[in-house]
Amino acid sequence: MAAMITNHLHQKIEAQVALYRVPVQIVPRPGILDPQGAAVVGALKTLGFEAVADVRIGRFLTVDVEADSAEAATLSVQRMCEKLLANPVIEDFALEAPTVQPGGRS
Amino acid sequence: MAAMITNHLHQKIEAQVALYRVPVQIVPRPGILDPQGAAVVGALKTLGFEAVADVRIGRFLTVDVEADSAEAATLSVQRMCEKLLANPVIEDFALEAPTVQPGGRS
Amino acid sequence: MSEVLPRPGDPAITPELVKEHGLTPDEFDRVSKMLGRAPTFTELGIVSALWNEHCSYKHSKNTLRTLPTEGAAVIQGPGENAGVVSIGDGIAIAFKIESHNHPSAVEPYQGAATGVGGILRDVFTMGARPIAMLNSLRFGSLDSARNRYLFAGVVKGIGDYGNCIGVPTVAGEIVFDPAYDGNPLVNAMCVGMLREDELILAKAQGIGNPIICVGARTGRDGIHGASFASEDLSEASEAKRPRVQVGDPFTEKLLLEASLELIRSGHIVAIQDMGAAGLTSSSAEMAARGDVGVTIDTSLVPVRETGMTPYEILLSESQERMLVVALEGHEEAVREILFKWDLTAEVIGKVIAEPVYRVTDGDKVVAEFPGSELVTQCPRYNVSAKEGADAVRLRSIDVSAIAELHEESDPAWTTLKLLASPTIASKRWAFQQYDSTVRTNTVVGPGGDAAVLRIRGTDRAIAVKTDCNGRYVALDPRVGGRIAVAEAARNVACTGARPLAITNCLNFGNPTRPEIFFQFTEAVAGIGEACIALDTPVTGGNVSFYNESPTGSVHPTPVIGMVGVIDSLEHITRSTFRNVGDAIVLLGDCTDELGGSEYLATVHGVTAGKPPRCDLDRERGVINTLLQSIQAGVIASAHDCSDGGLAVAIAESMMCNPDATTGAEVDLTPWASLPDRAVLFGEAQGRVVVSSGEVARVLQIAAANSVPARRIGTVTSRDGGLLIHVGSQTVRIGTDQLGEAYHTAIPRIMNTTAQVAVIDEVEGVLV
Amino acid sequence: MKFGVVTFPGSNGDYDAYHAAVEALGEEAVYLWHKDRDLKDSDVIILPGGFSYGDYLRAGAIARFSPIMSEVVAHAKRGAPVLAICNGFQVACEAGMLPGALMRNISRRFISRVLPIRVENATSMFTHEYFAGQVLRLPIAHGDGRYVADPDVVASLEDAGRVAFRYSAPDGSIGEADNVNGSVNSIAGILNESGNVLGMMPHPERAVDPLLGVPDGLGLFHSLLAGVAA
Ligand SMILES: Nc1ncnc2c1ncn2[C@@H]1O[C@H](COP(=O)(O)OP(=O)(O)O)[C@@H](O)[C@H]1O
Ligand SMILES: [Mg+2]
């Protein structure tokens, strides 16, 4: 599907709706206890990985979303994180750059 | 601490041990059912994010490890993943580029 | 006394700072007098932590003193981490209930989980092995997404923590009422078992003995959580989110095993959980109990974060930590035991002869208080108590005048509506998320009345249950307080157990308001009367004030946790009908009472009228009738009649165990002089529905206890369904229809709302 | 017959397994500490239920590296019986003693219930006291019980009759409605190739005392006893 939108020069341009994949990193906020990370550090050391200093364990999501542009995709996933995907009490989140997925309608 | 190692020109150079942070993405293998992801898609839609097509939920780890070089850090975290951090039956993993952390001995 | 100087970087002690620490000007003067100088920032923190309501009980102590605490079975009454009662054979039960309301309102999953962790520690610090968990929960209506989110998160938090520790969660109660909107109640109870000679107290003793910090490292978690628990909830609480701690059930499991090994080892003289106000309250209280001095060096406390100040280390509420007083010279032995469990133990101070509470940072003294005055000089308040006008007004409403809806012309409609009301409906959706069978002692798990646990190596079992009807307490606190105890006792007796003792969790609003303080003192008075009448002394408990949301106070909710003992495994009785053909007998009598009923709340949306009368002699008679008939072997099942009244109690006895359902034909026409809806749905107290193959004996035993009793019907086969003759009409409902309403109500609400699915999901992925 | 019950940090089913052996069977049992390397001459090793290392990272992922595990693996290689229950099943899969993996229940929630469990293989050393198609009632209590494996692995399990138990309806019929945690082919328990390692999510050790309900777990332990006696 194609939508008419205007760019900053107020020229009408055609935007392609595409399927974007937005990777999301969700990590425990600094200072928040991370029992999993602590247990994994212990395990890695007993496995001989002496050089490991710290491990923090969070969640990695890939969100596939249809949007007019990478910016729009990022923006909506940002809102999903604020609304639902991350728990602001104990987590911070960061988005990675979106990539276009094959198979999105256009 | 400083270690003597040789570079590819066989010149003796001094390598600084630094604290590297290696981000790790662990995701359910394609074809492995991800009920959590499915539930999140459903909820996002009820929250009005109609454009969401798919969500996959995995783990995101940051491993802080002391090493002589970014390559060495990546290599050791790679081994940690193969040995413990990911389960090849159900998960794929990918490493992101290491970053040097402040506070590593040198 | 040593010289105490402010630390570089300490904020100046301004009236604002004092206020932020929740101290009144009078309280501040009191501290300054005690010290003979103004407190330092560190000292201010200590005082604010110890003198806030949660730790000091400053508004409740005088009232709580009136509760009966003596009894033949009581080994340890209030004042320790948990109460302890003897059940014979040299075996004792330690139990305690505690609230985690405010943390759960802000972060339901972690709030509930850490609540479970805290109450577990209270019990195993007595030397008891935890054998069962219970929980008593209150939420606003499930119509609201926020409440579904809180419900789902709290249940998951309770489950994940208890399941991981491997202590079965066996009973509890969940009530939904708009009165709890924005301020859910999350009370967790733990029951532990020990040999009487294994009891250990949290009393610092022995000059020169080392004080050891055990378990998890200390971070900046939940600093001032204790004062947090003593404030009204408001939008501002959102900003307090970072205070909420994260639980680590794995470390707790190690701490549990290590602590029990430590206690049995004889290397230590005292052990105490670092709960609210962390190191400060645990050390100060241990010193006060032992009437000795202590000195603590915060620089020796193992920390998780860099640059923590003494103030932060003293007030941190990092979970899964214990404070231990060991025998001098046994430090290494203690370390070894903890090391075996991959835990750390650091000596951070010692017991001293000098009567001071002293905190140092290295060799610099950062806080010092004379003797145990920190604890003993804490202010006590007697607020003037005056009943609120609303309560008087609501109580005086004549609810019998409330017109029936036209649907009610068919009582089947009302019965199904009540069975499907979330407060009455099966809580399986929740307790199916709790491991209730681990440790293989659970004879009767969640789903009936009280839970029953066998005591290995004996022929005994114990029964446990929590109960409280906040609506009754709101309408008449004294009667409501009595009923809470009576219902818990009745539930326990239904299983064949002799009610032994109680613990209580008193959830109320802001005690500085006269109408709230009235509810508090009256409810406590009612609890006391019932405990004396039923010979179930109070062995401890917990007070949670300031349960208020912007819309006002919650229903006053004094939750009672009851423990009873069954002297022979043969006597264990279940709540569901067992044999087709058995007679159905009602112990107790029907009345025209409807006030405060679930019927009025669910069908008419009103909480009004007088709550049902509570005749304590009658309650004792009913309990004795139950126990004597059960011991005589003439009762097949017993189910107490509470929310929803007789119709609901009979329906539950038919189908609350989905694997063994029956039918029932019941004749209630003997009460034709009473309104049908009062007979079917009224909540007259002192009633139990029993089934029996030997009616005559049951009626005879009841008469001997001057308890009215009457055969009201017969257990029929499943296909018979429920058939009730009441007044001039006959009510017919299929057993499956009843089961459908009762068993699917909550799942339908929870599983079909993606909103919950996910938020629950977010919580899910957190662990 | 001597049962060796492994205690990992975070195990909680070790207590039940121990008491099943001692109280219900009147046999000898010992606890085996995860840091030790001594199986104390146990005939049967039990990897018990619980939350070893809190199930952190993945259920069983960390426990599999405990010193005792190399001995347990050797014990299995000798063809001696290893009974891996619930968390033990997860550990055994992580350790490669059994194929596949156990993932979060399809409902995404912990499930604690007594369920009908159908016996598929009634010839193994763990199950020969049952009959094929027999429907047992056993407790389950897990959050990560959804068995998954590559299709070819599942096929080989099915072909070799290595599926020991399935979740079923009370009448023994198999269907998604009764597949409580969403396991592939409703699989509740599997055997290793040589049939001496059994991994299962249901808890036979919690079903050995009539006081607590139907003692349908006894058959499994009696199979082991008979097997060794024979
Ligand atoms: N939060 C809970 N946790 C565990 N069991 C619960 C919970 N809520 C209710 N139950 C169980 O459900 C059954 C009915 O609870 P409830 O309606 O409070 O009983 P009653 O009306 O007899 O007081 C009891 O066995 C109780 O233990
Ligand atoms: Mg009841």
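Being a predicted model, the structure only gives us computed values, none of them experimental.

## Topic: the interface of chain B and chain A
Taken together, the contacts link 31 residues of chain B with 32 residues of chain A. Summed over both sides, the interface between chain B and chain A buries roughly 2,600 Å², with carbon and sulfur atoms accounting for 70% of that surface. Of all residues in chain B, the largest losses of buried area upon contact with chain A belong to Phe49, Phe60 and Met80 of chain B, amounting jointly to 22% of the total for that side. For the pair chain B and chain A, the number of links is 0 salt bridges. Scanning the region where chain B abuts chain A turns up 12 residue pairs in polar contact (both at pLDDT 80 or more). Breaking the side of chain B that touches chain A down by element, the ones donating at least two residues are β3 (18-28), α1 (35-46), β4 (52-67) and α2 (70-85) of chain B. A per-class count over the side of chain B that touches chain A returns 19 nonpolar, 4 polar and 8 charged. For strand β4 (residues 52-67) of chain A and β4 of chain B, the ladder comprises 13 bridges, and the chain directions are antiparallel. By the bridge assignment, phenylalanine 60 of chain A is partnered in β4 of chain B with glycine 58 of chain B.

## Quick look at the coordination of the magnesium ion (ligand 2)
Residue and element names in this part refer to chain C. Protein coordination of the magnesium ion (ligand 2) is provided by Asp449 (OD), Asn491 (OD1) and Asp640 (OD), with donor distances spanning 2.2 to 2.6 Å. Within one chain, the residues donating to the magnesium ion (ligand 2) are spaced in sequence as D-x41-N-x148-D. Here the residue aspartate 449 occupies a position in the loop between β14 (442-444) and β15 (451-454), and asparagine 491 occupies one in helix α20 (residues 477-494), the gap between them amounting to 42 residues. For the pair formed by aspartate 449 and asparagine 491, the shared burial category is buried.

## A look at the packing of aromatic side chains
Scanning the entire structure with this criterion turns up 16 aromatic pairs over all chains. A ring pair is formed by phenylalanine 41 of chain C and tyrosine 311 of chain C, whose centres lie 4.1 Å apart and whose planes are at 5 degrees; its orientation type is stacked. Within this pair, whereas phenylalanine 41 of chain C is found in helix α3 (residues 41-51), its partner tyrosine 311 of chain C is found in helix α13 (residues 310-315), the two being separated by 270 residues in sequence. According to the relative accessible area criterion, phenylalanine 41 of chain C is buried, its value standing at 13%. Between phenylalanine 151 of chain C and tryptophan 429 of chain C, the aromatic rings sit 5.1 Å apart at their centres with planes inclined by 40 degrees, giving tilted as the arrangement. Linking phenylalanine 151 of chain C in helix α8 (residues 145-165) with tryptophan 429 of chain C in helix α18 (residues 428-431), this pair joins segments that are 278 residues apart in sequence. The pair phenylalanine 151 of chain C / tryptophan 429 of chain C is uniform in exposure class, with both members buried. Counting every residue linked through ring pairs, the aromatic cluster contains Phe139, Phe151, Phe176 and Trp429 of chain C. Here the guanidinium or amino end of lysine 340 of chain C rests over the ring plane of tryptophan 33 of chain D, the centre of that ring lying 5.2 Å away. Looking at lysine 35 of chain D, its charged tip hangs above the ring of phenylalanine 339 of chain C, at a distance of 5.5 Å from the centre.

## Remarks on the side chain of aspartate 16 of chain D
Examined against the element boundaries, aspartate 16 of chain D turns out to sit in helix α1 (residues 14-24). Note on aspartate 16 of chain D: relative accessible area 1%, which makes it buried. Separated by 2.9 Å, the side chain of aspartate 16 of chain D and the backbone nitrogen of arginine 439 of chain C make a polar contact. Ignoring any residue separated from it by four or fewer positions in sequence, one finds aspartate 16 of chain D in contact with Val438, Arg439 and Thr440 of chain C together with Glu205 and Arg206 of chain D.

## Description of the interface of chain B and chain D
On the chain D side, the residues contacting the 15 residues of chain B number 17 residues. Of the roughly 1,300 Å² buried where chain B meets chain D, counting both sides, 63% is carbon and sulfur surface. Our count for the chain B to chain D interface comes out at 2 salt bridges. One salt bridge in this structure joins aspartate 150 of chain D and arginine 29 of chain B, with 3.8 Å as the shortest N-O distance. Here chain B and chain D share 5 residue pairs in polar contact (both at pLDDT 80 or more) between them.

## As for the site of ligand 1
All names here are of chain C. Lining the immediate surroundings of ligand 1 are 18 residues, of which Asn135, Gly172, Asp449, Asp467 and Asn491 lie closest. Take glutamate 173: an N or O atom from its main chain is 3.2 Å from a nitrogen atom of ligand 1. One of the backbone nitrogen or oxygen atoms of glycine 447 is found 3.0 Å away from an oxygen atom of ligand 1. Surface burial for ligand 1 is 92%, taken as the share of its 550 Å² of free accessible area covered by protein chains. Elements represented by at least two residues in the shell around ligand 1 include exactly β5 (169-176), β16 (461-467) and α20. Counting residues per element, the shell around ligand 1 draws most heavily on β5, which supplies 4 residues.

## Side note on the sheet that holds strand β1 (residues 2-7) of chain D
Residue and element names in this part refer to chain D. One open sheet accounts for 9 strands, arranged β2-β1-β3-β4-β11-β10-β9-β6-β7; its pairing is mixed. Edge positions in the sheet fall to β2 (28-33) and β7 (135-142), since each has one partner strand and no second. Neighbouring strand axes in the sheet, compared pairwise and without regard to direction, differ in orientation by 25 degrees on average. Sheet analysis places strand β6 (residues 111-119) next to β7, joined by 8 bridges and oriented antiparallel. Note on β7: the bridge partner recorded for serine 112 is alanine 141. The strands touched by helix α2 (residues 67-77) within the sheet are β1, β2, β3 (44-47), β4 (82-85) and β11 (197-200), with β3 carrying the most contacts at an inclination of about 130 degrees.

## Side note on the relation of the copies chain B and chain A
The two copies are related by a screw motion: chain B maps onto chain A through a turn of 180 degrees and a shift of 0.0 Å along the axis, at an RMSD of 0.3 Å. The transformation relating the two chain copies, once decomposed into turn and shift, fits a two-fold axis. Looking at chain B, 100% of its interface residues are interface residues in chain A too, so the copies touch through the same face.

## Some points on the nonpolar core
One finds Leu84 and Leu85 of chain B, Phe151 of chain C together with Val72 and Phe165 of chain D to be the most contacted residues of the largest nonpolar core, which totals 162 residues. Of the residues forming this core, the biggest block, 9 residues, is contributed by α8 of chain C. Beyond its immediate chain neighbours, meaning those up to four positions away, leucine 84 of chain B contacts Val40, Ala43, Leu44 and Leu47 of chain A together with Leu57, Arg58, Ala61, Ile62 and Phe65 of chain D. Judged by nonpolar contacts, the second largest core, of 90 residues, contains Ala488, Ala501, Ile560 and Ala702 of chain C.

## A look at the sheet that holds strand β11 (residues 344-352) of chain C
All names here are of chain C. Here we have 7 strands laid out as an open sheet, ordered β8-β10-β7-β11-β9-β12-β13, and mixed in their pairing. With partners counted over all chains shown, the strands left at the sheet margins are β8 (268-273) and β13 (364-370), one partner each. Ignoring strand direction, the axes of neighbouring strands in this sheet form an average angle of 25 degrees. Looking at chain direction, β8 and strand β10 (residues 321-326) are connected through 5 bridges and run antiparallel. Counterpart to glutamine 272 in the pairing with β10 is leucine 323. Its contacts with the sheet put helix α12 (residues 278-290) on β8, β9 (293-297), β10, β11 and β12 (356-361), and the angle it makes with β10 is roughly 30 degrees.

About the thresholds
- Residues numbered from 1 in each chain as written.
- Chains lettered and ligands numbered in written order.
- Predicted model: local features only at pLDDT ≥ 70, side-chain atom pairs only at ≥ 80, totals over all residues.
- Heavy atoms only, no water.
- Contact = heavy atoms within 4.5 Å.
- Buried area = accessible area lost by both parts, 1.4 Å probe.
- Salt bridge = Lys/Arg side-chain N within 4 Å of Asp/Glu carboxyl O.
- Polar contact = N/O pair within 3.5 Å; in protein donor to acceptor, adjacent residues only side chain to side chain.
- Helix = DSSP H or I, 4+ residues; strand = E, 2+ residues; numbered from the N terminus.
- Nonpolar A, V, L, I, M, F, W, Y, C, P; charged D, E, K, R; others polar.
- Pairing = 2+ DSSP bridges.
- Donors = N, O, S within 2.8 Å, 3.2 Å for Na, K, Ca; no water.
- Buried < 20%, exposed > 50% of the residue type's maximum accessible area, 1.4 Å probe, protein only.
- Phe/Tyr/Trp six-rings, centres within 6.5 Å; stacked < 30°, edge-to-face > 60°.
- Lys NZ or Arg CZ within 6 Å of the ring centre and 35° of its normal.
- Near = heavy atom within 4 Å.
- Areas by Shrake-Rupley, 256 points an atom, 1.4 Å probe, with all protein chains shown as cover.
- Axes fitted to C-alpha atoms, helices over the stretch in contact; angles between N-to-C directions.
- Least-squares fit on C-alpha atoms with pLDDT ≥ 70 in both.
- Core = buried A, V, L, I, M, F, W, Y, C linked by side-chain atoms within 4.5 Å.

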